[in-house]
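# Examining the three-dimensional arrangement
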Amino acid sequence: MPLVREHGAAVVALTIDEEGQARTAEWKVRVASRLVDDLVGTWGMDVGDILVDCLTFPIATGQEETRRDGLETIEAIRELKRRYPGVRTTLGVSNVSFGLNPAARIVLNSVFLHECVLAGLDSAIVHSAKILPMDRIPEEQRTVALDLVYDRRDGDYDPLVRFLELFEGVTAASAKATRAAELAALPLGRGCSVASSTARARAWTPISTRRSRASPPSTSSTRTSSQA
């Protein structure tokens, strides 16, 4: 932190404490609050130069303890932004879909990113070519992915089971070809809407990406990025 203060850098602060990586929204916010209060109070940082990574675990492992990890991350981002309106947030999005096949990961990552942005996410670590606007995702895939993120199990319905069924034997290439055919069949007005949505998605460059391109690689063990 003396080096950060000397050079006026921004920082990425991870929600990990003495007990490990925070899992629940309450735990994530508690750790984030400790970080923000210390960075501002002890080191004099501007709250806007702090990017809190609320972290997430894979939610498709089948293990009960991971089923709410995506939802807990979304709730943590929302509460953190409520408490500290000026703080920035970031997230490694693809962690949420680890273990799924590539086609399924594209859909789940895209849906999860969309929900995180609605909750207040400012930047993300993503493969931009593998993120789809919500209106480019088939309706059932989008619905089941949302049910999986929010852990909406009901009676005999398990969104994880259904999500795996939807992508059984589906490759990323075949899914892309199917979406391209569907897009080509859309009326002109709808096609323009999708094209516009796609352009907006491509134009949005995460804060962390912009900064990393402008800054030389850091040799410090502290994860920092230069101020915009």
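These remarks concern the structure in this document. (Residues numbered from 1 in each chain as written. Predicted model: local features only at pLDDT ≥ 70, side-chain atom pairs only at ≥ 80, totals over all residues. Heavy atoms only, no water.)

What follows deals with the overall build of the protein. Broken down by element type, the protein carries nine helices and six strands. The burial tally for the protein puts 43% of its 228 residues in the buried class. Nonlocal contacts in the protein, meaning residues at least 24 apart in sequence, comprise 69% of its contacts between residues at least 6 apart. For the protein, the accessible surface area stands at approximately 12100 Å², while carbon and sulfur atoms represent 54% of it. (Helix = DSSP H or I, 4+ residues; strand = E, 2+ residues; numbered from the N terminus. Buried < 20%, exposed > 50% of the residue type's maximum accessible area, 1.4 Å probe, protein only. Contact = heavy atoms within 4.5 Å. Areas by Shrake-Rupley, 256 points an atom, 1.4 Å probe, with all protein chains shown as cover.)

Every regular strand shows the same layout, with side chains that alternate between the two sheet faces. Counted residue by residue, strand S1 (residues 10-14) has four buried out of five residues, so it is predominantly covered. Direction of pairing for S1 relative to strand S4 (residues 50-53): parallel, over a ladder of four bridges. Bridging from a neighbouring strand, Leu14 pairs with Asp53 of S4. (Pairing = 2+ DSSP bridges.)

Time to look at the nonpolar core. Soluble globular proteins tend to bury their nonpolar side chains together. Counting 53 residues, the largest nonpolar core has Ile50, Val52, Leu108, Phe112 and Phe163 as the members making the most contacts within it. Among the elements of the structure, S1, helix H2 (25-41), S4, helix H3 (69-83), helix H4 (102-119), helix H5 (139-149) and helix H6 (159-166) are those that each provide at least two residues to this core. Per element, the largest residue contribution to this core is 10 residues, and it comes from H4. If we ignore the near neighbours within four places in the chain, the residues touching Phe163 are Leu100, Ala104, Val107, Leu108, Gln141, Val144, Ala145 and Leu148. (Core = buried A, V, L, I, M, F, W, Y, C linked by side-chain atoms within 4.5 Å.)

We now examine the state of the cysteines. Structurally, a disulfide amounts to a covalent bond that connects the sulfur atoms of two cysteines. For the coordinates displayed, the defined rule picks out zero disulfides. The structure places no disulfide on Cys54, whose sulfur is separated from the nearest cysteine sulfur, that of Cys116, by 8.8 Å. Residue Cys54 is classed as buried on the basis of its relative accessible area of 1%. Using a relative accessible area of 0% as the deciding quantity, one classes Cys116 as buried. (Disulfide = S-S within 2.5 Å.)

Let's shift gears to the packing of H3 against H4. H4 packs onto H3 with a crossing angle of 20° between their chain directions and a minimal axis gap of 8 Å. As far as their axial angle goes, H4 and H3 are roughly parallel. Here the hand of the crossing between H3 and H4 comes out right-handed. Residues Gly70, Thr73, Ile74, Ile77, Arg78 and Lys81 of H3 pack against Phe112, Glu115, Cys116 and Ala119 of H4. Of the residues that constitute the contact of H3 with H4, the class distribution is five nonpolar, two polar and three charged. (Axes fitted to C-alpha atoms, helices over the stretch in contact; angles between N-to-C directions. Parallel < 35°, antiparallel > 145°, perpendicular 65-115°, else oblique. Left-handed = near helix turned anticlockwise from the far one by under 90°. Nonpolar A, V, L, I, M, F, W, Y, C, P; charged D, E, K, R; others polar.)

Scanning the entire structure with this criterion turns up one aromatic pair. A ring pair is formed by Phe163 and Phe167, whose centres lie 4.9 Å apart and whose planes are at 55°; its orientation type is tilted. Owing to a relative accessible area of 3%, Phe167 belongs among the buried residues under this scheme. The ring of Phe57 carries Arg23 above its face, with NZ or CZ at 4.1 Å from the centroid. (Phe/Tyr/Trp six-rings, centres within 6.5 Å; stacked < 30°, edge-to-face > 60°. Lys NZ or Arg CZ within 6 Å of the ring centre and 35° of its normal.)

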